[in-house]
Amino acid sequence: MNAAAAAADDNSKANPTIDNPNVASDTEAPNPDAPVMTFAESQFDFGDIKPDSKVAHTFTFTNTGKTPLLIADATASCGCTTPNWTKEPVAPGAKGTLDVQFDSRGKQGLISKQVSVRANTQPSTTVIYIKGNVLTK
């Protein structure tokens, strides 16, 4: 074995290939049958919001893909925003909802919050936004 081959062999031991199922491969072909989450609107403006109040908006989406869509999780960019979503699978062509509640307590001025929705779609995360202006007392 020459020195270059020995070095290459040592290098492959030092840097083993790791197969991580949570990371999509660059060469992985997209699934043409994957569900597709299509929101009627991706952003909602509450306008002026009274201080120390809660406001809510329901985002509606349609599964425009070919297989049932299932939301795994929805997380907001801060604790003042609470998402609640359709828990059962949404059939192709059917609609689902994502309710977003914002608590203005302790906030003032312009706000912009995002909600990341993780589902069995490609890409797996869809982001929607709420914004508004919390009035001063």
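Residues numbered from 1 in each chain as written. Predicted model: local features only at pLDDT ≥ 70, side-chain atom pairs only at ≥ 80, totals over all residues. Heavy atoms only, no water.

An unreviewed UniProt entry lists the chain under the name DUF1573 domain-containing protein, with Hymenobacter setariae as the source organism.

A. Representation of the packing of aromatic side chains. Tallied over the entire structure, the rule returns 3 aromatic pairs. Relative to Phe59, the ring of Phe39 lies with its centre 6.3 Å away and its plane at 90°, an arrangement referred to as edge-to-face. With Phe39 in strand S1 (residues 37-39) and Phe59 in strand S3 (residues 54-63), the pair connects residues that are 20 residues apart, well separated along the chain. Considered together, Phe39 and Phe59 belong to a single accessibility category, that of buried residues. Lying over the aromatic face of Trp85, Lys87 brings its terminal NZ or CZ to 3.6 Å of the ring centre. (Phe/Tyr/Trp six-rings, centres within 6.5 Å; stacked < 30°, edge-to-face > 60°. Helix = DSSP H or I, 4+ residues; strand = E, 2+ residues; numbered from the N terminus. Buried < 20%, exposed > 50% of the residue type's maximum accessible area, 1.4 Å probe, protein only. Lys NZ or Arg CZ within 6 Å of the ring centre and 35° of its normal.)

B. Representation of the state of the cysteines within the structure. The tally for this structure, following the rule as stated, stands at 1 disulfide. Each sulfur of the disulfide joining Cys78 and Cys80 lies 2.3 Å from the other. Handedness here is read from the sign of the S-S torsion; for Cys78 and Cys80, about -50°, the answer is left-handed. (Disulfide = S-S within 2.5 Å.)

C. Here's a closer look at unusual backbone geometry. Backbone torsion omega between Gln122 and Pro123 reads 0°, so that peptide bond is classified as cis. Tracing the chain through its elements places Pro123 in the loop between strand S7 (109-119) and strand S8 (125-134). You will see that Asp52, though not glycine, has its phi angle at about 55°, which is positive. Considering the arrangement of structural elements, one finds Asp52 in the loop between strand S2 (43-49) and S3. Residue classification places Asp52 among the partly exposed residues on the basis of a relative accessible area of 42%.

D. Representation of the sheet that holds strand S5 (residues 81-85). Read across the sheet, 4 strands follow the order S1-S3-S6-S5 without closing on themselves; strand pairing throughout is antiparallel. Pairing within the sheet leaves two strands with one partner each, and these edge strands are S1 and S5. The mean inter-strand angle of the sheet, taken between neighbouring strand axes irrespective of direction, is 30°. Pairing geometry for S3 and strand S6 (residues 95-103), over 9 bridges, is antiparallel. The residue bridging Lys54 from the neighbouring strand is Asp103, located in S6. (Pairing = 2+ DSSP bridges. Axes fitted to C-alpha atoms, helices over the stretch in contact; angles between N-to-C directions.)

E. Summary view of the sheet that holds strand S4 (residues 71-76). Strand order in the open sheet formed by 4 strands is S2-S8-S7-S4, and the pairing between neighbours is mixed. Each edge of the open sheet is held by one strand with a lone partner, namely S2 and S4. Sheet twist, expressed as the average angle between the axes of neighbouring strands with direction ignored, equals 20°. Pairing of S2 with S8 involves 5 bridges; the strand directions are parallel. Directly across from Asp48, in S8, lies its bridge partner Asn133.

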